[in-house]
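# Analysis of the macromolecular model
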Amino acid sequence: MARGRSLVRDRPASALFALLVLVSLAFAAFPHLDLAVSGLFAVPGQGFPLARDEGLLAIRDLNRVLPIWIASALALLLLARGLWGARRFLPPPHAILHVLSVYLVACLGIVHMLKNTVGRARPEHILAFGGEDRFTVAWQFSDACRTNCSFSSGEAASAMAMMALAMLAPRGLRLRAGLTLLLPMLVFSLNRVAFGSHFLSDVLVSWLVVALTTLLLGRVFARHAAAIDGGIDGRWRAPLARALKRLRVFGRDAAVQARALFLRAAA
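These figures come from a predicted structure and were not determined experimentally.

Moving on, we get to unusual backbone geometry. Trans is the common state for peptide bonds, and a negative phi is the common state for residues other than glycine. Each neighbour pair has its own omega, and for Phe 151 with Ser 152 the value is -10°, a cis peptide bond. Mapped onto the secondary structure, Ser 152 falls in the loop between helix 5 (93–115) and helix 6 (154–161). Its identity is not glycine, yet Asn 148 carries a phi of approximately 50°, on the positive side. Here Asn 148 shows up in the loop between helix 5 and helix 6. Here Asn 148 falls in the partly exposed class, since its relative accessible area comes to 48%.

This is the structure we're talking about:
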């Protein structure tokens, strides 16, 4: 037990990778776990009734648009640092870029690649729940699905990526922020299992892939934090001022030319 705690403390990336391997092996060795959990939400002849619940559909729709809102807000924060420089209420640029990179690398990169290469059929589409496709275990390549498949879960990945926002809070508030984000992360992710859109293993693998990617990227951005922050803080004010000046000159010249053309046509 002490050895396990030491591994988590001293080598958290290795611990997360080991957990990812163990979870994957467990679902490969005991495939009935996925079927049993999905079966809790399936009704013979009706598929997955919760997939038609308006409240749960609203939660799913919210989870789909949240990454766009979050990315937009982070881009505005980065712009604010570039224009105003360091401010107590603004997180440092390297931290903002770290969170953005989690969405880009883990969600749009790794998980999206898995969804379009592994080919695992969704629970609602397999024979056990009234569909026509065969069941396959996590990481097993299949031709049952061609694109946007079950493994692994993109929405569980984006929900876990949302947890990285806690790192933007002041150090003393990060634990509280993480606990606050934990509930919506669980709801967004497990909602997909209730819908019959993902197996439990799809969700757990996505969580671990995103968590591991977050940790590894965090090391990279922490190592180059000073260079990143120094290259962004307050550095965009002068270029923006020059661009606005050029825009004003262009607008003034365009107005003069338009006025001359109008007077010529009216003469």
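Our next topic: the packing of helix 5 against helix 9 (residues 225–232). Two elements in contact, helix 5 and helix 9, have axes separated by 8 Å at closest approach and are oriented at 105°. Here helix 5 is positioned roughly perpendicular relative to helix 9, judged by the angle of their axes. Between helix 5, through Pro 93, His 94 and Leu 97, and helix 9, the contact on the second element is made entirely by Ala 225, Ile 228, Asp 229 and Ile 232. Per-class residue counts for the contact of helix 5 with helix 9 are five nonpolar, one polar and one charged.

Before going further, it helps to examine the environment of Arg 120. Within the fold, Arg 120 resides in the loop between helix 5 and helix 6. Separated by 106 residues in sequence, Arg 120 and Ser 14 have C-alpha atoms that sit 27 Å apart. Excluding residues within four positions of it along the chain, Arg 120 makes contact with Asp 34, Phe 135, Thr 136, Val 137, Ala 138, Cys 145, Cys 149, Ser 150, Phe 151, Phe 199, Ser 201 and Asp 202. A distance of 2.9 Å separates polar atoms of two side chains, one belonging to Arg 120 and the other to Asp 34. A distance of 2.8 Å separates a polar atom in the side chain of Arg 120 from the backbone oxygen of Thr 136.

Bringing the packing of aromatic side chains into the picture now. Scanning all chains against the criterion turns up three aromatic pairs. With a centroid separation of 5.3 Å and 70° between ring planes, the pair formed by Phe 48 and Phe 129 is classed as edge-to-face. Of this pair, Phe 48 sits in the loop between helix 3 (32–39) and helix 4 (54–84) while Phe 129 sits in the loop between helix 5 and helix 6, and the two are 81 residues apart along the sequence. Accessibility expressed as a relative area gives 15% for Phe 129, which makes it buried. Taking the centre distance of 5.3 Å and the plane angle of 75° together, the rings of Phe 135 and Phe 199 count as edge-to-face. Of this pair, Phe 135 sits in the loop between helix 5 and helix 6 while Phe 199 is found in the loop between helix 7 (174–194) and helix 8 (200–223), placing the two residues 64 residues apart along the sequence. Residue classification places Phe 135 among the partly exposed positions, given a relative accessible area of 23%.

This part is about the state of the cysteines. Using the criterion set out here, one finds one disulfide in the structure. A sulfur-sulfur separation of 2.1 Å characterises the disulfide bridge that pairs Cys 145 with Cys 149. Taking the sign of the S-S torsion, -95° for the link of Cys 145 and Cys 149, the bridge is left-handed. With respect to class, Cys 145 is no different from Cys 149; both count as buried. Of all cysteine sulfurs in the structure, the one in Cys 149 sits closest to Cys 107, which takes part in no disulfide; the separation is 18 Å.

A word on the pattern of salt bridges. Counting across every chain of the model gives six salt bridges. Salt-bridge contacts for Asp 202 lead to Arg 120; the nearest nitrogen and oxygen are separated by 2.7 Å. Remark: Arg 120 occurs in the loop between helix 5 and helix 6 and Asp 202 occurs in helix 8; sequence separation between them is 82 residues. Arg 120 shares its class with Asp 202; the two are buried.

It is the rolling of a water-molecule-sized probe over the atoms that shows where space remains empty. Roughly 450 Å³ of internal volume is contained in the largest pocket. Mapped by element, the contributors of at least two residues to the lining of the largest pocket are helix 4, helix 5 and helix 6. Top contributing element to the lining of the largest pocket by residue count: helix 5, with eight residues. Its residues assigned to classes, the lining of the largest pocket shows nine nonpolar, six polar and five charged. Its volume calculated, the second largest pocket comes out at about 350 Å³. Breaking the lining of the second largest pocket down by element, the ones donating at least two residues are helix 5 and helix 8. The element contributing the most residues to the lining of the second largest pocket is helix 5, with four residues. Residue classes in the lining of the second largest pocket are distributed as 12 nonpolar, three polar and three charged.

Conventions adopted
- Residues numbered from 1 in each chain as written.
- Predicted model: local features only at pLDDT ≥ 70, side-chain atom pairs only at ≥ 80, totals over all residues.
- Heavy atoms only, no water.
- Helix = DSSP H or I, 4+ residues; strand = E, 2+ residues; numbered from the N terminus.
- Buried < 20%, exposed > 50% of the residue type's maximum accessible area, 1.4 Å probe, protein only.
- Axes fitted to C-alpha atoms, helices over the stretch in contact; angles between N-to-C directions.
- Parallel < 35°, antiparallel > 145°, perpendicular 65-115°, else oblique.
- Contact = heavy atoms within 4.5 Å.
- Nonpolar A, V, L, I, M, F, W, Y, C, P; charged D, E, K, R; others polar.
- Polar contact = N/O pair within 3.5 Å; in protein donor to acceptor, adjacent residues only side chain to side chain.
- Phe/Tyr/Trp six-rings, centres within 6.5 Å; stacked < 30°, edge-to-face > 60°.
- Disulfide = S-S within 2.5 Å.
- Salt bridge = Lys/Arg side-chain N within 4 Å of Asp/Glu carboxyl O.
- 1 Å grid on protein atoms, 1.4 Å probe; cavity = no way out; pocket = protein on both sides within 12 Å on 5 of 7 lines; lining within 4 Å.
- Points joined across faces, edges and corners; volume = space filled by probe spheres on them.

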